[in-house]
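Summary of the model geometry
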Amino acid sequence: MSTRVVVSTTVYAKETDTRRLVLVRTDLSSGPALRLCWRGGRVDYVGPYLPVVAVGRCGAFGLQWFIFPLVVNVLTNLENSNIRAKNIMNLCFDVSTQTYNQYIDIFYLIETTIASLAVYILIMIDFLLISLCSAIISQQDVLINTFKSIGHNEEPQINHYKEIKSILQDQLQLNLKIKLFYSIMKPTILLSVAMDSFYFIILTYLFILVCLIPGSETALTLIKIGSSVVYIASRLFIYCYLFENINIQRELVNFSIYSCNWTKMNLKFKNLLLFTLRMNDANQMVIKASPKKIIDLQLFANIMSTSFNMVPVLLKITNSENHKSQ
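Let me sum up the structure you'll find in this document. Everything numeric in this text was worked out from a predicted model, so none of it was measured. (Residues numbered from 1 in each chain as written. Predicted model: local features only at pLDDT ≥ 70, side-chain atom pairs only at ≥ 80, totals over all residues. Heavy atoms only, no water.)

Summed over all chains, the structure comprises two cavities of 30 Å³ or more. Of the voids in this model, the largest cavity is the one considered here, and its volume is about 140 Å³. Lining the largest cavity are 13 residues, with Gln140, Gln171, Asn175, Ile178 and Arg250 sitting closest to its centre. Where the lining of the largest cavity is concerned, the elements lending two or more residues are helix H3 (104-149), helix H4 (157-211) and helix H5 (218-259). Of the residues assigned to the lining of the largest cavity, the class counts are seven nonpolar, five polar and one charged. (1 Å grid on protein atoms, 1.4 Å probe; cavity = no way out; pocket = protein on both sides within 12 Å on 5 of 7 lines; lining within 4 Å. Points joined across faces, edges and corners; volume = space filled by probe spheres on them. Helix = DSSP H or I, 4+ residues; strand = E, 2+ residues; numbered from the N terminus. Nonpolar A, V, L, I, M, F, W, Y, C, P; charged D, E, K, R; others polar.)

Printed below as a string of structure tokens:
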């Protein structure tokens, strides 16, 4: 059974000579996010660059993990050796080293299947979240430009009143979509941020630890762990960047409403405008990682700072334990 998710709104941006239709739509059942907007006398198509980059980044990350054990096993002489062959995740199988090395192709295929499923889940989560967040940001951008254009041409005030009333209905629909999106995806987002933060700390610690250990496989291991650190950091950054943009766009919607030519309107229009401002102030929809911290770039900076403060402590504990054992 296919899942169909549609976030759509239609608003009218007023020009001096004609009325232009601006449509922002994303339909995950037929393709990625689509954005059509009026820019300098032409309609531009803004493609799904961020989702494509995210998928390509995840694919490249998974590919080098698949290739790493093949390269290491070629460089290592496994015949008549007690060295266990490398694999993608090096899962523990209850077999001897010789049996494991003899049937390494079968064990590699098993781990490839498990790792491919994990990469697929990561790609789907990234694509879904980034596409929906991009669609929400685009629709908020359209609302901002449309609110700003109200009242800046010579038309009867009743037309301006009908126009802002129509746009307000679109905004209400968009707010409901955002609220539904947050309520469904909040557990997934918080779990992803928490797990990425934990893995970033551990992998950064392992990266520095491997740098201190001499060996022929050090360079390949550093590439494997280093790419994982970069992938997790970029994933955290993209999530925090998108949700901060959604929060900023929500604040800009209120500013754009105030930027319309409301001083020349009648009392009925001003009352509706005041109601719209109050409604937007009441709808402070954010995803909180804690009672005082929301998902934004400040949270990303805090995670990076905490990670780099904890890694030296872990290294110091490791060194002290090594000295005690010696």
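Attention now moves to the nonpolar core. Grouped together as the largest cluster of nonpolar side chains are 57 residues, with contacts concentrated most on Phe147, Phe181, Tyr182 and Phe243. Elements supplying a minimum of two residues to this core: helix H1 (49-75), H3, H4, H5, helix H6 (267-282) and helix H7 (297-325). Examining the composition of this core, we find that 15 residues originate from one element, H5, more than from any other. In this view, Phe147 contacts Ile164, Ile167, Gln171, Val253, Ser256, Ile257 and Cys260; residues no more than four positions away in its chain are not counted. Ranked by size, the runner-up nonpolar core spans five residues in total, among them Leu78, Ala85, Tyr100 and Phe107. (Core = buried A, V, L, I, M, F, W, Y, C linked by side-chain atoms within 4.5 Å. Buried < 20%, exposed > 50% of the residue type's maximum accessible area, 1.4 Å probe, protein only. Contact = heavy atoms within 4.5 Å.)

Between H5 and H6, the least distance of the axes is 10 Å, while the angle of their chain directions is 170°. The angle between H5 and H6 places the two elements in the roughly antiparallel class. Each of Val253, Asn254 and Ile257 in H5 lies in contact with H6, whose residues at this interface are Leu273, Thr276, Leu277, Asn280 and Asp281. Its residues assigned to classes, the contact of H5 with H6 comprises four nonpolar, three polar and one charged. (Axes fitted to C-alpha atoms, helices over the stretch in contact; angles between N-to-C directions. Parallel < 35°, antiparallel > 145°, perpendicular 65-115°, else oblique.)

Moving on to the packing of H4 against H5. Contact geometry for H4 and H5: axes closest at 9 Å, N-to-C directions at 155°. For the element pair H4 / H5, the angle class is roughly antiparallel. The two elements H4 and H5 cross, and the hand of that crossing is left-handed. (Left-handed = near helix turned anticlockwise from the far one by under 90°.)

Now for the layout of surface pockets. The computed volume of the largest pocket comes to approximately 960 Å³. Forming the walls of the largest pocket are 33 residues, and the residues nearest its centre are Phe61, Trp65, Tyr199, Leu203 and Ile232. Looking at the lining of the largest pocket, the elements with two or more residues in it are H1, H3, H4 and H5. The greatest single-element share of the lining of the largest pocket, amounting to nine residues, is contributed by H4. Considered class by class, the residues forming the lining of the largest pocket number 22 nonpolar, six polar and five charged.

Summed over all chains, the structure comprises nine aromatic pairs. Considering the side-chain rings of Phe181 and Tyr182, the 5.8 Å spacing of their centres and the 40° angle between planes classify their relative orientation as tilted. Take Phe181 and Tyr182: they sit in the same class, and that class is buried. Their ring planes at 85° and their centres at 6.0 Å tell us that Phe200 and Phe308 sit as a pair that is edge-to-face. Pair noted here: Phe200 is in helix H4 and Phe308 is in helix H7, with a separation of 108 residues, a long-range link. One aromatic cluster is present, formed by Phe93, Tyr100 and Phe107 through successive ring pairs. (Phe/Tyr/Trp six-rings, centres within 6.5 Å; stacked < 30°, edge-to-face > 60°.)

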